[in-house]
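Okay, here's what each chain looks like letter by letter:
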There are 2 protein chains.
Amino acid sequence: MVIERNTSQVKKIIAKAKNKKLLVGFVPTMGALHPGHLSLVKEAKKKCGFVVVSIFVNPIQFGPKEDFSSYPRDFRNDEKLLRSEGVDLIFYPDCRNMYKEGFSTFVEEKRLSRFLCGQARPGHFKGVCTVLVKLFNIVSPDIAYLGSKDYQQAQIVKKMAADLDFSLKIKVLPIVREKNGLAMSSRNAYLSREEKDQAGCLYRALITAKKLVAAGETMSPKIITAIRRIILSEKHIRVDYIRIVDATTLENKSRVKGKVLVALAVYISGVRLIDNIVLNGKKVNAGKVHSRLSRQKGRK
Amino acid sequence: MVIERNTSQVKKIIAKAKNKKLLVGFVPTMGALHPGHLSLVKEAKKKCGFVVVSIFVNPIQFGPKEDFSSYPRDFRNDEKLLRSEGVDLIFYPDCRNMYKEGFSTFVEEKRLSRFLCGQARPGHFKGVCTVLVKLFNIVSPDIAYLGSKDYQQAQIVKKMAADLDFSLKIKVLPIVREKNGLAMSSRNAYLSREEKDQAGCLYRALITAKKLVAAGETMSPKIITAIRRIILSEKHIRVDYIRIVDATTLENKSRVKGKVLVALAVYISGVRLIDNIVLNGKKVNAGKVHSRLSRQKGRK
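Residues numbered from 1 in each chain as written. Chains lettered and ligands numbered in written order. Predicted model: local features only at pLDDT ≥ 70, side-chain atom pairs only at ≥ 80, totals over all residues. Heavy atoms only, no water.

### Digging into the overall build of chain A
Step number 1: When its secondary structure is counted, chain A shows nine helices and 13 strands.
Step number 2: Summarising its shape, the C-alpha atoms of chain A cover approximately 55 × 40 × 40 Å along the three principal directions.
Step number 3: For chain A, with 300 residues in total, the buried portion stands at 57%.
Step number 4: Within chain A, contacts between residues at least 6 apart in sequence are counted, and of these 74% link residues at least 24 apart. (Helix = DSSP H or I, 4+ residues; strand = E, 2+ residues; numbered from the N terminus. Buried < 20%, exposed > 50% of the residue type's maximum accessible area, 1.4 Å probe, protein only. Contact = heavy atoms within 4.5 Å.)

### Side note on the sheet that holds strand β1 (residues 2–4) of chain B
Residue and element names in this part refer to chain B.
Step number 1: A sheet is described by the order of its strands in space; here six strands give the open sequence β1-β4-β3-β2-β6-β7, paired in parallel fashion. Edge strands, defined here as strands with exactly one partner in the open sheet, are β1 and β7 (169–173). The sheet shows a mean angle of 25° between the axes of neighbouring strands, direction not considered.
Step number 2: Pairing of strand β6 (residues 143–147) with β7 involves five bridges; the strand directions are parallel. Bridging from a neighbouring strand, Gly147 pairs with Leu173 of β7.
Step number 3: Its contacts with the sheet put helix α3 (residues 75–85) on β1, β3 (50–55) and β4 (89–91), and the angle it makes with β3 is roughly 170°.
Step number 4: Against the sheet, helix α6 (residues 124–139) makes contact with β2 (24–29), β3, β4 and β6, and its axis sits at roughly 150° relative to β2, the strand it touches most. (Pairing = 2+ DSSP bridges. Axes fitted to C-alpha atoms, helices over the stretch in contact; angles between N-to-C directions.)

### Regarding the domain arrangement of chain A
All names here are of chain A.
Step number 1: As far as domains go, chain A holds domain 1 (2–173) and domain 2 (186–281).
Step number 2: Every contact between the two is made by 23 residues of domain 1 and, on the other side, 19 residues of domain 2.
Step number 3: Summed over both partners, the interface of domain 1 with domain 2 buries about 1,800 Å², with 55% contributed by carbon and sulfur atoms.
Step number 4: On the domain 1 side of the contact with domain 2, Leu116, Lys149 and Tyr151 bury the most area, a combined 36% of that side's loss.
Step number 5: One can count two salt bridges joining domain 1 with domain 2.
Step number 6: The salt bridge partner of Asp67 is Arg187, with a shortest N-O separation of 2.8 Å.
Step number 7: Our count for the contact surface shared by domain 1 and domain 2 stands at 10 residue pairs in polar contact (both at pLDDT 80 or more).
Step number 8: Where the side of domain 1 that touches domain 2 is concerned, the elements lending two or more residues are α5 (117–120) and α7 (151–163).
Step number 9: Tallied by class, residues from the side of domain 1 that touches domain 2 come to 10 nonpolar, eight polar and five charged. (Domains from an automatic or database assignment. Buried area = accessible area lost by both parts, 1.4 Å probe. Salt bridge = Lys/Arg side-chain N within 4 Å of Asp/Glu carboxyl O. Polar contact = N/O pair within 3.5 Å; in protein donor to acceptor, adjacent residues only side chain to side chain. Nonpolar A, V, L, I, M, F, W, Y, C, P; charged D, E, K, R; others polar.)

### Description of the nonpolar core
Step number 1: In terms of nonpolar packing, the biggest core is built from 100 residues, with Phe136, Met160 and Leu261 of chain A together with Phe136, Met160 and Leu261 of chain B touching the most fellow members.
Step number 2: In contact with Leu261 of chain B, other than residues within four places in its own chain, are Leu116, Tyr151, Arg243, Ile244, Val245, Ala247, Leu250, Asn276, Ile277 and Val278 of chain B. (Core = buried A, V, L, I, M, F, W, Y, C linked by side-chain atoms within 4.5 Å.)

### Some details on the environment of Pro93 of chain B
All names here are of chain B.
Step number 1: With respect to the helices and strands, Pro93 occurs in the loop between β4 and α4 (95–98).
Step number 2: A residue is classified by how much of its surface remains accessible, and Pro93, at 5% relative accessible area, is buried.
Step number 3: In this structure, the C-alpha to C-alpha distance between Pro93 and Lys158, residues 65 residues apart in sequence, is 24 Å.
Step number 4: If we ignore the near neighbours within four places in the chain, the residues touching Pro93 are Arg5, Ile55, Phe56 and Met98.

### Quick look at the pairing of β6 of chain B
Residue and element names in this part refer to chain B.
Step number 1: Extensive coverage of β6 is indicated by the burial of four of its five residues.
Step number 2: Inspection of the sheet shows β2 paired to β6 by two bridges, in the parallel sense. Residue pairing across strands places Phe26 opposite Ala144, the latter belonging to β6.
Step number 3: Handedness of the crossover joining β6 and β7 through helix α7 (residues 151–163) is recorded here as right-handed. (Right-handed = clockwise from strand over helix to strand, strands pointing away.)

### Comments concerning the pairing of strand β10 (residues 260–268) of chain A
Look at any regular strand and the pattern is simple: side chains alternate between the two faces of the sheet.
Residue and element names in this part refer to chain A.
Step number 1: By the criterion of burial, β10 is predominantly enclosed, with nine of the nine residues buried.
Step number 2: Burial along β10 is two-sided: Val260, Val262, Leu264, Val266 and Ile268 and Leu261, Ala263, Ala265 and Tyr267, pointing in opposite directions, are all buried.
Step number 3: One ladder, built from nine bridges, connects strand β9 (residues 237–246) with β10; its direction is antiparallel. If you follow Arg238 over to β10, its bridge partner there is Tyr267.
Step number 4: Both β10 and strand β11 (residues 271–280) contribute to a ladder of nine bridges, which runs antiparallel. Bridge pairing in β11 places Val266 opposite Leu273.

### A few points about the pattern of salt bridges
Step number 1: In the structure shown here, the tally under the stated rule is 36 salt bridges over all chains.
Step number 2: One salt bridge in this structure joins Arg272 of chain A and Asp240 of chain A, with 2.7 Å as the shortest N-O distance. Highlighted residues: Arg272 of chain A in strand β11 and Asp240 of chain A in strand β9, separated in sequence by 32 residues.
Step number 3: The class for Asp240 of chain A is partly exposed, based on a relative accessible area of 28%.
Step number 4: One salt bridge in this structure joins Lys47 of chain B and Glu43 of chain B, with 2.8 Å as the shortest N-O distance. One end of the pair is Lys47 of chain B and the other is Glu43 of chain B, both in helix α2 (residues 35–47) and four residues apart, which spans about a single turn.
Step number 5: Among the residues examined, Glu43 of chain B registers a relative accessible area of 17% and is labelled buried.
Step number 6: Overlapping salt bridges, with partners in common, bring together Arg5, Asp94 and Arg96 of chain A in one network.

### What to know about helix α6 (residues 124–139) of chain A
Step number 1: Along its 16 residues, α6 of chain A runs 22 Å from first to last C-alpha, staying within 8% of the 22 Å computed at 1.5 Å per residue.
Step number 2: In terms of residue burial, α6 of chain A counts as a mostly covered element, since 15 of its 16 residues are buried. (Expected span 1.5 Å × (residues − 1).)

### Side note on the confidence of the model for chain A
Residue and element names in this part refer to chain A.
Step number 1: Within chain A, residue pLDDT values average 94, and 93% of them lie at 70 or more.
Step number 2: Taken as a whole, residues 291–300 scores under 50 in pLDDT and shows 26 contacts with residues more than four places along the chain or in a different chain.
Step number 3: Scoring the predicted complex yields pTM 0.93 and, for the interface, ipTM 0.93. (pLDDT = per-residue confidence, 0-100.)

### Describing the interface of chain B and chain A
Step number 1: Between chain B and chain A, the contact holds 27 residues from the first and 27 residues from the second.
Step number 2: Of the roughly 2,300 Å² buried between chain B and chain A on both sides combined, carbon and sulfur atoms contribute 42%.
Step number 3: On inspection of chain B and its partner chain A, the count reaches two salt bridges.
Step number 4: Ionic pairing is found between Asp165 of chain B and Lys134 of chain A, a salt bridge with its closest N-O pair at 2.6 Å.

Next comes the structure, spelled out in structure tokens:
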């Protein structure tokens, strides 16, 4: 496994892999890897002859009052995890090389970005799209892997890649969850044991929504009220949004009809968590529950 | 020479050329080709084993009151010219394929775009950057060729390509001029014989600036006044801007010191024309004067 910080070197290494006709799989991450990330890496390893993981906490996707400086970083552990997955190349760039003095070009998706997290985090998806265009140009992946905890992000990146004619496929894999249903996230590292337990209510609420829909409920406000009730039964949780939207356009749906996304964002003791479930009448995909409780550190 | 409208087909053809280890040279154009474009094509032919020219009048770089619908189009003649230059592939996409229903991703350079034409044409360079990111992703050129009549555009595209980590070189070639000094431009087709004669004042004015600087004048306002006087001696000319700016940052320079750009934009009977000259003490580059008067149509 090669660890490379230099963009030109990465391009050279990947050109060599492409010369050998290897399919390049790419998992862009901000590090602090957890089983959600590793599920993407495993899938990339299954399908691609050369697997690249980038680890870069991208400053321009954080708002001025957000947690850029405190965002969990643990390169040593990430390296260990990726080595054991058989990753070929870690791209671990320096911030000053990614955004050189006077950097002035930004990529913005303007439709899907208006909704959900785009409202609470202005500029967030612009930062995501910009860094991914850079990473796609550096890594030239054949397939890029994204997780569906960040459902909106995945939709936006797919739209951006299609609009800008990138020659890559984007695979979006299911949410990986803790035993209590909490969606795996690097930000879970901010939570105490007790807060993690509390946060299990998010998944319970989504499953309640699924059951309501399965039982024939179609009125979005009723479902949202049920979700809110479950979440607010826990202390110290503040709701940012709970929405039922069209799973493709992300526009609000007053009724559950066709493929819808039930998406929510909450703050638990100031930590922002998101989660979602896609519902489609009988067709439901809320990710698999990971078989064991996992912590960011100290695990194989 | 292949003419292809389909994006995926273009990608396939270019992948084949790359498999043969041919260097891909790319000249993006809006058609209505003139000797300025052809100088780029000739240079591409000299350096690259596979030369692609795109012909696409890009709607999103035109303002709502600009000349998108009347912009000169003459594919038959363009095709003839490019065939005789030995071009390998013309990419001639359809607008509905370039901007599919619901297109929503834009690329914006935010620093250099603030100046000069960026002020008179809000959104123009965003349209240029967006279409070029698309074209670069479709054509994957090793070298892209741009003309320096659009000096600001060339600087912005270089900045954008560097910021977004594109793996290509951008070559910017000198302005090609009519016998009277008028910079070649597809928009010259809008001008009558008499207006073209009048428009010769732009180059005379730039040469006057060059002479003033060579004679030791360094005060930008004095040079600008001299330019303005020459231009306004012609009837029916309205000045949009005449500026002396740093040739790299495009910021106004009150004194000619180091490498500066003298740039101007005027309207002749409603037709917007731009021109420029780079000055650097003794070092001057204002493009070569083309040996004969050329018309868009009817020439070999």
